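A look at the structure
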Amino acid sequence: MEAMAIKNMLRQRTLSPGDNHLGDVLVVGGGISGIQAALDIATAGFKVYLVDKAPTIGGKMSQLDKTYPTIDCSMCIESPKFIECDRHPNIEIMTYTDIEAVEGAAGDFTVTLVKKPRYVNADACTGCAACTEYCPVKVPDPFNQDLSLNKAVHIYFSQAVPLVTYIDDSCLYLKDKSCTICQSVCGEKGAIDFTQTPEKINIKVGAVVLSPGYETFDPKIRGDYAYGTYENVVTSLDFERLLCATGPHEGQILRPSDKKHPHKVAWLHCVGSRQVVPGGNTYCSAVCCAYTQKQVILAKDHVPELEAKIFHNDIRAYSKDFERFYQRAERLPGVEFIRSYVSVGDEDPVTKNVTIRYATDQGVKEDEFELVVLSVGINPPKDAQKFARIFGVELNPQGFCKTDPANPVKTSRPGVFVSGAFMGPMDIPESVYTASGAGAQIAELLKSRRGQLSKKRVYPEERDTREEAPKVGVFVCRCGANIGRVVDVPAVAEYAAGLENVVHVEESLFACATNTAQAIGETIREKGLNRVVIAACTPRSHEPLFRDTLREAGVNQYFFDMANIREHCSWVHSKEPEVATDKAKDIVRMSVARAQLLQPLGEYYLPINKTALVVGGGVAGMTAALTIANQGFETYLLEKNSELGGIARRLHYTAEGMAVQPFLNDLRKKVYQHRDIHVLTDAEIVSVDGYVGNFSTRVKAGRRDRVIEHGVAVIAIGAQELKPEEYGYGESARVLTQLELEERIGTGDASLNAIESVVMIQCVGCRQPDRNYCARVCCSGAMKNALKLREMKPSAEIYVLFRDIRTYGFKEDLYREAANRDVRFIRYEADDKPLVEAANESGRDFMRVLVSDPVLGKKLQLDVDSVVLSAAVIPPEGALTMARHFKVPLSPDGFFQEAHVKLRPVDFAAEGVYLCGTAQYPKHLSESLNQAYAAAGRALTLLAQDSVVASGSVCEVEERDCVSCGACITCCTYNAIDFRETPRGKKAVVNPVLCKGDGLCSAKCPTGAIGLKHFTNEAVFRQIDAALAPRQQRVIPIMPARN
Amino acid sequence: MAASDFKPVVIGFLCNWCCYAGADLAGVSRFQYPSHLRVIRQMCSGRVDIEFVMRSFLQGADGVFVGGCHLGDCHYNPEGNYDALGNAMIAKRILQHIGIRPERLRIEWVSAGEGTRFAETQNEIHATMMQLGPLGEAEGQPVAFLREALQAVINMVPYIKLVERERFRLPHRSEENYHKMHADPEFAAIFESMVLDKITQSRLMGRLRQAESLAAEDLAAAFALAPTEVMRHLDILAERGMLRLDGRLARLLPVATAA
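Small disclaimer: the values here were computed from a predicted structure and weren't measured.

1. What about the overall build of chain A?
Looking only at helices and strands, chain A features 27 helices and 52 strands. Rg of the C-alpha trace for chain A: 31 Å, near the compact-globule value of 31 Å for 1043 residues, within the 12% margin. Each of the 1043 residues in chain A was classed as buried or not, and the buried ones make up 63%. Within chain A, contacts between residues separated by at least 24 positions form 71% of all contacts whose residues are at least 6 apart in sequence. Where the 121 positive side-chain charges of chain A centre and where its 130 negative ones centre are 2 Å apart.

Listed below in structure tokens is the structure:
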């Protein structure tokens, strides 16, 4: 059957494990971390088995509505990666599969997998879901946190990969063979197969990545939050589903008891986290503060009149842009953040409202809420113990995977690596970069077998459309409710059908879902489309996916245009549905107009210079350089100082207790001794030319000037400690920074002997208008130093003056230990900072610190020997120059800005340039190490290739029109244009390999002889004309009459 | 048109790397702004041809917005946003000359991280548009008249590009230097004689092509120019063989004899 053959060709991976069950790497867990690990490792030339126990890949991220702090749609940014995995020739996805046993050693593991029966033959299922429609058994839907019902046979969620149904235990046939409706509905396809049994499969791999993710804390177990007993108490993950357009009520926030919009909602922080009571977790779950703020912002967007109270402990806004995000939530009208301990009181028997009791300065208060959201923390994955046993890895006391502080993605078993939240509570970017880091180390371990099992992607031959008239297909996406709730999608589709050369129009719920993308491909073939317009979201994220769909359908990928009716329309005009619908029609009309003129283009393959340049010789830079060089690629490491080490030269111990100096010395030695690393100290970059695969960087090192040719670059130029300008710093020798204190402790400085009392002041120089961010490391730094001091001086008085203690993750345990060991904590407000002055009484010099005590309500006077300032971490010197050299952006705070805060944490938007360490944002040593491995891993996915693909959208000269004025040549600093002698005289000619497609020359050319392909003048003219077509019809006849 | 009925349309040329991404971020962040903007994505703001701007107005746009990366932060090596700035300043002078309020053209730098700034800029643009009204209103001119002028400018774009290259390039490009150049009276004089006069002459020729022959007084009235000014232009055109002057009456010459 032809359709089947096409389907098999489209779907490159085999649904059942093919060939000889021989692979390179097993990735356990198909959440965002596992997906990233699989993609990186597969792209670097290894065959990957991606195994998940769930019926689809996607993990927890697929259940989230939006991601903070950008409020990106979580599924929208994750699901293109599902398809990327699905289409990757080196990834074999095995869902609904458990792991039973692992034998062997690094380089040669034998893994026993058990494929659970789906009772659906994946090869025969088309994902049509007719079986779901007719199935009589309704069961709570796990994807929607059991808040809505699904059927015993269903697809896990609409973007699932693989997009096939599965039958769960509630099936009547499985119970007592009393129903076979699904079988009859499926009919000839015969995809329903009740004869399936668990299938055991042995695979051989060289290495393993464990990325099983986490569980959310279950408040039911302890029962003190009335979760499970009061209907209107939900967890934050439940609330994510309530918010989501694909959730139980299609994005309407309806409370469970009466399915009505709640107008008064409470969020309770730290549920299951930062607790020493049995059943709770002592650590901080690291993500709840920010996700709660996100939920508040979104809930206010859904229900503008909503009243929200957030009961919190410290607000931990410790990552990039989190502080601003918190401020955004806090400033919303009707939103109140209350620092208080709470308990859940009574449920009103009639209204089912819930009373919350909370402590205030004026005593205990009570307030009634229509809905209560529990900001639940992160637990180790349910199977952690089992994993530990099967894989032979150790767990830490908190029940997560035990790792090596000097290399946090390493487990206790060689060849088995870990990534994501199985390492401990973490946010998406950390889950992504630990995956890339694990990928890099696996590539090193298995470097001798790179490329042996990998395959190239195969596309069908491209259809010759030269003789065809334009046949445009328009696909209008609802994006769940993201577009559909605002824009009248059927009206837009109907309108599109009447546009020039449009022969096919279709609406879709999610154009990016695997089945839709595949269906679009089939429609292109069936209808013979040669132009495709997708009216959906931004081309900046989804164009590659749809271009690939065109290639799979045998049509040139440049016959594609995206009409952005989401970011530029439904999301920014969400209160004006009619206006948004009109605008969406305009946008589609413009896109269809442009599509008529699109031309098929070929792409260029440019060779890659397999040399890397790492800028910055701190721990991050050195680690990245070593990781790249260890895989046999020549690496240049630039350091502006005369010595390697960066800020780590001043560090002596980490919060986890690692001695930094021996580690640093070892790292330096490895770098200096490495055959493939060239270290250039006292180095300064003069200029950077070129592009991905072929950079040319001029460096002044000492007195020598040299040019380094390289294919990739890693920016790791670190950060610096602020020199405070307050609290008497620089005036009195008794005022130090935390780093200075650490140096003295680390070197056993004698000046410490005289110190018997210390005040530490947090947030010095940050969390203020001119530096509106939290420096992330200072709270843990203060704990670490306070505990060291305590060790040295059991009787010393130690005070920490803080605004919020932000010891996120496992570092919370340090905070508790410090408090238990008599370190005294006093909170101050930003507008009532402590006062510090040098004093002398009765011949004794000391520092006098005055601080308001919020508990006692009066000024405290602390006379101490020393004041230690937790000074902000600020961007590195020369960040702006470096950013301009490499054409990469800086964030508003002056740190380097990664390509995407969640999913591309160590990439830049500019290809071939990567980022790690504190240059991105302040971070702890272990986090810098992880990022360094990750940046190296990302660089290695490129270095593993022989060529990079350059866009076909380059400039071209119509010789007949060229008047040899040279205007194009002078403006092109890429030197992509030259004169060439022709029979008709000297004419400009473009070297497409050097052309970067900016199209500047086109705007300079007086005769229009040079043009940028894909963005031609004619196409722009059509877009302008199309945009203004209604204006032309309306205005022209009316206006002259006005005169 | 009643003010409440007026729904401005602004054509936006946004560079892919910064401003378009900033607009995306505004969307992701759900910042609300009015619906006047129709976006045409370009890879670089420097790609925005003066003709794109003029054609937008010709087709009835009430405004044009060019959005690029911050100066110094262009994604491309040739720093195309300086070219965008140079072109925008030239276009504004030309718009002013032909009687279109230059505020209708707005150029702004918005980085990929500045969703707020993008939304704020659009709010400002909308306010400007509501203040100016539809194209022609603040100008006090019928659209047909402005279109005629815009067509004349479009015909001259190839020439303007040549002049730009020969005369208006800065050795050291900075925002300050561009403003300095445009504030310089000497520059204004060159610009007038090399660009604006040529546009006026193009407009005169345009009228003449419709009517075969026209009196200088009529042309002066049509363009609200001093008759002596019109005669000066007609003399130049006659000298170049574009027309014949019979006293104050200008007659069109067939193109073939123009050489």
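2. What to know about the interface of chain A and chain B
Taken together, the 65 residues of chain A in the interface contact 66 residues of chain B. Buried surface at the junction of chain A and chain B, summed over both partners, amounts to about 5900 Å²; 54% is from carbon and sulfur atoms. Contact with chain B buries surface across chain A, with Arg540, Lys887 and Arg1031 of chain A losing the most and accounting together for 11% of the total. There are 6 salt bridges connecting chain A and chain B. Two residues, Asp586 of chain A and Arg38 of chain B, come together in a salt bridge whose shortest N-O distance is 2.8 Å. Among the elements of the structure, helix 14 (539-552), helix 15 (566-570), helix 16 (577-596), helix 24 (967-971), helix 25 (1000-1004), helix 26 (1017-1027) and helix 27 (1029-1042) of chain A are those that each provide at least two residues to the side of chain A that touches chain B. Ranked by residues supplied to the side of chain A that touches chain B, first place goes to helix 27 of chain A with 8 residues. In terms of residue class, the side of chain A that touches chain B is built from 27 nonpolar, 18 polar and 20 charged.

3. Some details on the domain arrangement of chain B
Residue and element names in this part refer to chain B. Taken domain by domain, chain B comprises domain 1 (3-132) and domain 2 (170-258). Just the C-alpha atoms count here: the centres of domain 1 and domain 2 sit 29 Å apart. Of the roughly 1300 Å² buried between domain 1 and domain 2 on both sides combined, carbon and sulfur atoms contribute 65%. If you sort the residues of domain 1 by the area they bury against domain 2, Met89, Arg93 and His97 come out on top, with a joint share of 47%. Summed over the shared surface of domain 1 and domain 2, the result is 1 salt bridge. We note a salt bridge from Arg173 to Asp83, for which the minimum N-O separation is 2.9 Å. Where domain 1 meets domain 2, there are 7 residue pairs in polar contact (both at pLDDT 80 or more). Among the elements that take part in the side of domain 1 that touches domain 2, helix 3 (residues 80-97) stands out by supplying 9 residues, more than any other.

4. Thoughts on helix 11 (residues 428-445) of chain A
In this model helix 11 of chain A runs 26 Å from its N-terminal to its C-terminal C-alpha over 18 residues, within 8% of the 26 Å that 1.5 Å per residue would give. Buried residues dominate helix 11 of chain A, accounting for 16 of its 18 residues.

5. Side note on the nonpolar core
Counting 118 residues, the largest nonpolar core has Leu26, Ile99, Leu210, Phe239 and Phe391 of chain A as the members making the most contacts within it. Looking at this core, the element that brings in the most residues is helix 8 (residues 288-302) of chain A, giving 7 residues. Beyond its immediate stretch of four places on either side in the chain, Phe239 of chain A contacts Val234, Ile253, Trp267, Gln295, Ala299, Leu371 and Val373 of chain A. Counting residues in each nonpolar core, the second largest holds 71 residues, with Ile11, Val66, Met156 and Ala216 of chain B among its members.

6. Examining empty space enclosed by the protein
The space that makes up the largest cavity amounts to roughly 260 Å³. Residue lining of the largest cavity: 19 residues in total, with Met562 and Gln1023 of chain A together with Tyr20, Val39 and Arg41 of chain B positioned closest to the centre. Among the elements of the structure, strand 28 (560-564) and helix 16 of chain A together with strand 2 (37-42) of chain B are those that each provide at least two residues to the lining of the largest cavity. Here the residues of the lining of the largest cavity sort into 10 nonpolar, 4 polar and 5 charged.

7. Focus on unusual backbone geometry
Residue and element names in this part refer to chain A. That bond from Tyr68 to Pro69 is cis: its omega, -10 degrees, falls within 30 degrees of zero. Residue position: Pro69 is located in the loop between strand 3 (66-67) and strand 4 (72-73). Here Val161 and Pro162 are connected by a cis peptide whose omega angle stands at 0 degrees. As for its position among the elements, Pro162 is in the loop between strand 10 (153-154) and strand 11 (166-167). Of note in this structure, Cys270 is not a glycine but carries a positive phi near 55 degrees. By the secondary structure assignment, Cys270 is in strand 16 (residues 264-271).

8. Notes on the pairing of strand 13 (residues 207-210) of chain A
Residue and element names in this part refer to chain A. A two-sided burial pattern is seen for strand 13, the buried positions comprising Ala207 and Val209 on one face and Val208 and Leu210 on the other. Sheet analysis places strand 1 (residues 25-28) next to strand 13, joined by 4 bridges and oriented parallel. In the strand pairing of strand 13, Val27 is matched with Val209. In this sheet, strand 24 (residues 416-418) lies alongside strand 13 in parallel orientation, the contact comprising 3 bridges. Following the sheet pairing, Val209 is matched in strand 24 by Phe417.

9. Quick look at the pairing of strand 21 (residues 363-369) of chain A
Residues and elements named next belong to chain A. For strand 20 (residues 354-360) and strand 21, the ladder comprises 7 bridges, and the chain directions are antiparallel. Its bridge partner being in strand 21, Val354 is matched across the sheet by Phe369. Between strand 20 and strand 21, which pair antiparallel one after the other, the connecting turn spans 2 residues.

10. Concerning the sheet that holds strand 44 (residues 858-864) of chain A
Residues and elements named next belong to chain A. Read across the sheet, 3 strands follow the order 42-43-44 without closing on themselves; strand pairing throughout is antiparallel. The open sheet is flanked by strand 42 (835-841) and strand 44, the only strands paired with a single partner. Recorded for the sheet is a direction-independent mean angle of 30 degrees between the axes of neighbouring strands. Sheet topology places strand 43 (residues 844-853) next to strand 44; 7 bridges connect them, and they run antiparallel. Bridging across to strand 44, Ser852 finds its partner in Lys859.

Reading guide: rules and limits
- Residues numbered from 1 in each chain as written.
- Chains lettered and ligands numbered in written order.
- Predicted model: local features only at pLDDT ≥ 70, side-chain atom pairs only at ≥ 80, totals over all residues.
- Heavy atoms only, no water.
- Helix = DSSP H or I, 4+ residues; strand = E, 2+ residues; numbered from the N terminus.
- Rg over C-alpha atoms; globule rule 2.2 N^0.38 Å.
- Buried < 20%, exposed > 50% of the residue type's maximum accessible area, 1.4 Å probe, protein only.
- Contact = heavy atoms within 4.5 Å.
- Lys, Arg positive; Asp, Glu negative; His and termini not counted.
- Charge placed at Lys NZ, Arg CZ, Asp CG, Glu CD.
- Buried area = accessible area lost by both parts, 1.4 Å probe.
- Salt bridge = Lys/Arg side-chain N within 4 Å of Asp/Glu carboxyl O.
- Nonpolar A, V, L, I, M, F, W, Y, C, P; charged D, E, K, R; others polar.
- Domains from an automatic or database assignment.
- Polar contact = N/O pair within 3.5 Å; in protein donor to acceptor, adjacent residues only side chain to side chain.
- Expected span 1.5 Å × (residues − 1).
- Core = buried A, V, L, I, M, F, W, Y, C linked by side-chain atoms within 4.5 Å.
- 1 Å grid on protein atoms, 1.4 Å probe; cavity = no way out; pocket = protein on both sides within 12 Å on 5 of 7 lines; lining within 4 Å.
- Points joined across faces, edges and corners; volume = space filled by probe spheres on them.
- Pairing = 2+ DSSP bridges.
- Axes fitted to C-alpha atoms, helices over the stretch in contact; angles between N-to-C directions.

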